[in-house]
Structures are given as structure tokens and as C-alpha cells.
Amino acid sequence: MKPILMVEFSAKVGGVESREESVPLHSPEELFAFVAPGGGCELIPNEVGEIKMVFLPPAHPNTQNPIADEPATLQLGMVFFSGPLSEIAQTATEILDKAGRGELSSSFLKVIGAPA
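A brief look at the structure comes next.

Conventions we followed
Residues numbered from 1 in each chain as written. Predicted model: local features only at pLDDT ≥ 70, side-chain atom pairs only at ≥ 80, totals over all residues. Heavy atoms only, no water. Helix = DSSP H or I, 4+ residues; strand = E, 2+ residues; numbered from the N terminus. Rg over C-alpha atoms; globule rule 2.2 N^0.38 Å. Contact = heavy atoms within 4.5 Å. Areas by Shrake-Rupley, 256 points an atom, 1.4 Å probe, with all protein chains shown as cover. Lys, Arg positive; Asp, Glu negative; His and termini not counted. Charge placed at Lys NZ, Arg CZ, Asp CG, Glu CD. Salt bridge = Lys/Arg side-chain N within 4 Å of Asp/Glu carboxyl O. Buried < 20%, exposed > 50% of the residue type's maximum accessible area, 1.4 Å probe, protein only. Pairing = 2+ DSSP bridges. Expected span 1.5 Å × (residues − 1). Arc of directions from axis to C-beta. Core = buried A, V, L, I, M, F, W, Y, C linked by side-chain atoms within 4.5 Å.

Turning to the overall build of the protein, a few remarks are in order. Counting its secondary structure elements, the protein contains three helices and six strands. Reading the helices (α) and strands (β) of the protein from amino to carboxyl end gives β-β-β-α-β-β-β-α-α. Its C-alpha atoms give the protein a radius of gyration of 14 Å, near enough to 13 Å, the size a compact globule of 116 residues would have. Overall, the protein is about 45 × 35 × 25 Å in size when its C-alpha atoms are taken along their principal axes. Of the contacts formed within the protein by residues at least 6 apart in sequence, a portion of 55% connects residues at least 24 apart. Accessible surface, the protein as shown: approximately 7,000 Å² in total, 57% of it carbon and sulfur. Averaging the coordinates of the 7 positive side-chain charges in the protein and doing the same for the 15 negative ones gives two points 4 Å apart.

On to the pattern of salt bridges, then. For side chains bearing opposite charge, pairing can occur when the charged atoms are close. Enumeration according to the criterion identifies four salt bridges in this entry. Put simply, Asp 97 and Arg 101 hold a salt bridge, and the shortest N to O gap is 2.5 Å. A relative accessible area of 48% means that Arg 101 is categorised as partly exposed. Close ionic contact of Glu 103 with Lys 98 constitutes a salt bridge, the shortest N to O distance being 3.5 Å.

Turning to the environment of Leu 74, a few remarks are in order. With respect to the element layout, Leu 74 can be found in strand β5 (residues 71-76). Sequence spacing of Leu 74 and Ala 89 is 15 residues, and the spatial spacing of their C-alpha atoms is 8.9 Å. Discounting residues that sit within four places of it in the chain, Leu 74 has contacts with Val 79, Phe 80, Phe 81, Ile 88 and Ala 92.

Bridging between β5 and strand β6 (residues 79-84) involves six bridges; their strand directions are antiparallel. Residue pairing for β6: Leu 74 is matched across the bridge by Phe 81. Between β5 and β6, which pair antiparallel and follow one another directly, the connecting turn spans two residues, one of which, Gly 77, has a positive phi of 60 degrees.

A few words now on the side chain of Ser 105. Here Ser 105 shows up in the loop between α2 (85-100) and α3 (106-111). If we skip the residues at most four places from it in the chain, Ser 105 touches Val 35, Ala 36, Pro 37, Cys 41 and Glu 42.

In this section: α2. Between its terminal C-alpha atoms α2 stretches 23 Å, which fits the 22 Å expected from 16 residues at 1.5 Å a residue. The complete set of buried residues in α2 reads Ile 88, Thr 91, Ile 95 and Lys 98. One face of α2 carries all of its buried residues, which in axial projection span an arc of 100 degrees. When the buried face of α2 is taken as reference, the exposed residues oriented beyond 90 degrees from it are Thr 93, Leu 96 and Gly 100. Next to the buried residues of α2 lie α1 (28-34), β4 (48-55), β5, β6 and α3. Trailing α2 by a residue or two, Gly 102 shows a phi angle of about 70 degrees, which is positive.

In terms of nonpolar packing, the biggest core is built from 24 residues, with Ile 51, Met 53, Val 79, Phe 81 and Phe 108 touching the most fellow members. Examining the composition of this core, we find that four residues originate from one element, β4, more than from any other.

Read these as layout, nothing more, since geometry by itself doesn't imply function.
Below you can see the structure in the form of C-alpha cells.
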């Protein structure tokens, strides 16, 4: 299965920026498992200063609504989501929903700038 999202971690220590390896995610479920309590998000080192979540272009362009595939970026705290507008909007809606139901780790809430 081809990944739909790449997560990149970068840190700036002593004025030197370093980029950690990218983590491919294959579904929205993998993303939300990563940011849920007990998920891998809690293992992110404190030195990380920026997280980029890059949604890859869709396999098939949206011919009914081309604006859905327009590139967009959303910043929540130190997390930058970029990719097709429809993916960014859907992910933001799911983050709001899951935050309201307590389904996001306190670590992820912290990095997006939300009260834990």
C-alpha cells in the first residue's frame, strides 16, 4: 500500500537544524493511532521544534471539484499540515472531534498548542 502521508521531524539545537527521518503513514487511522494516548507521538524527543505532516497528492485528481486538490498549509502550534485542501480540511475536522472526545494524547495536544 502506498503511503498517503509523510511525517518529518526537525529540531534546532545550538542554532543547527537537523532533520529526523520521515515516517510514512498509509491511512488516516495510522495518523490518529500515532497521536492517540499511548501512540508513538509520546516518544517524540523534546528537542523536536517542528513537525511537518505532508499529505501526498491523490492517486486520482478530483475532476468534479478541482479546488479539493489545491495545495494548502495549516499550522497548529509547531505542527505544519500541508497537501491537498480537502485532506487538510478533513484532518482538521477530525482533530477537533477527537480533541473534544479526549482521543488525542497530551503530548500531541501540547505540540499543537491546545490545552491538555
